[in-house]
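Coordinate inspection notes
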Amino acid sequence: MIVRTLEECRKTERRVLAENGNWESVRLSLADDNMGFSFHITTIYAGTETHIWYKNHLETVYCISGNGEVETLKDGKVYKIEPGTVYILDQNDEHLLRGGSEDMVLACAFNPPLHGTEVHREDGSYALAE
Ligand code: 9YT
C-alpha cells in the first residue's frame, strides 16, 4: 500500500505551477504507482480562464471547495461548478475552465495516468508519454 499526504507532496516536485499562472496542482499519484490513472488535487485560481483540450486523456474532476464554471466549446454550454459537482470529460471535450469569486479546489483523475513531467501545450492538451 502507498500512503502520502497532500502536505508532504506539496513540498516536492509533485506540486506543479501552470506556466500561465492560472492554477497549481499536486500530483498525489502518478503513472509509476501503476494504478491505471493519476490523481491530483488542483487549485484553479479565482478569476482565471484556462483553455483545456485533453485530446489524449480522459479526466474526471470533482469540486471540493470554491467555485467556478466550465464552458464546453462545441456547444457553448456553461456549467456552474461548486462543491459536490463532478464533471467527466468522457468525449475529450474541449473547454474553458474558469475560476470564480474564490479559488476552486478540485480532485482530478487522469486516464491514462500522467507521468508528472507533462506541460500544458498551446492547444490545451498534454502529450502522451512515449
Ligand atoms: C482541471 C484541470 O485539468 N486542471 C488543469 C491541471 C490538471 N488537473 C493537472 O495537470 O493536474
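Residues numbered from 1 in each chain as written. Predicted model: local features only at pLDDT ≥ 70, side-chain atom pairs only at ≥ 80, totals over all residues. Heavy atoms only, no water.

Around the ligand, the surrounding shell holds 14 residues, and the nearest of these are Ser25, Arg27, His40, Tyr54 and Tyr126. The side chain of His40 places a nitrogen or oxygen atom 2.7 Å from an oxygen atom of the ligand. Within the complex, the protein chains bury 100% of what would otherwise be the 310 Å² of accessible surface of the ligand. The cavity that encloses the ligand is the largest cavity. Listed by contribution, the elements that provide at least two residues to the shell around the ligand are strand S2 (23-29), strand S3 (38-44) and strand S10 (104-111). (Near = heavy atom within 4 Å. Polar contact = N/O pair within 3.5 Å; in protein donor to acceptor, adjacent residues only side chain to side chain. Areas by Shrake-Rupley, 256 points an atom, 1.4 Å probe, with all protein chains shown as cover. 1 Å grid on protein atoms, 1.4 Å probe; cavity = no way out; pocket = protein on both sides within 12 Å on 5 of 7 lines; lining within 4 Å. Sits in = over half its atoms within 2 Å of the grid points. Helix = DSSP H or I, 4+ residues; strand = E, 2+ residues; numbered from the N terminus.)

The next subject is the side chain of Arg98. With respect to the element layout, Arg98 can be found in strand S9 (residues 95-99). The buried category is assigned to Arg98, whose relative accessible area is 17%. At 2.7 Å, the side chain of Arg98 forms a polar contact with the side chain of Glu49. A distance of 2.7 Å separates the side chain of Arg98 from the side chain of Glu71, its partner in a polar contact. (Buried < 20%, exposed > 50% of the residue type's maximum accessible area, 1.4 Å probe, protein only.)

Below, the discussion takes up the sheet that holds S10. Within the open sheet, the six strands sit side by side as S1-S2-S3-S10-S5-S8. Their pairing is antiparallel. Every interior strand has two partners, whereas the edge strands, strand S1 (15-17) and strand S8 (86-89), have only one. Sheet twist, expressed as the average angle between the axes of neighbouring strands with direction ignored, equals 20°. The sheet contact formed by strand S5 (residues 58-65) and S8 spans four bridges and is antiparallel. When the bridges of S8 are listed, Thr60 appears paired with Ile88. (Pairing = 2+ DSSP bridges. Axes fitted to C-alpha atoms, helices over the stretch in contact; angles between N-to-C directions.)

The analysis is restricted to geometry; functional conclusions fall outside its scope.
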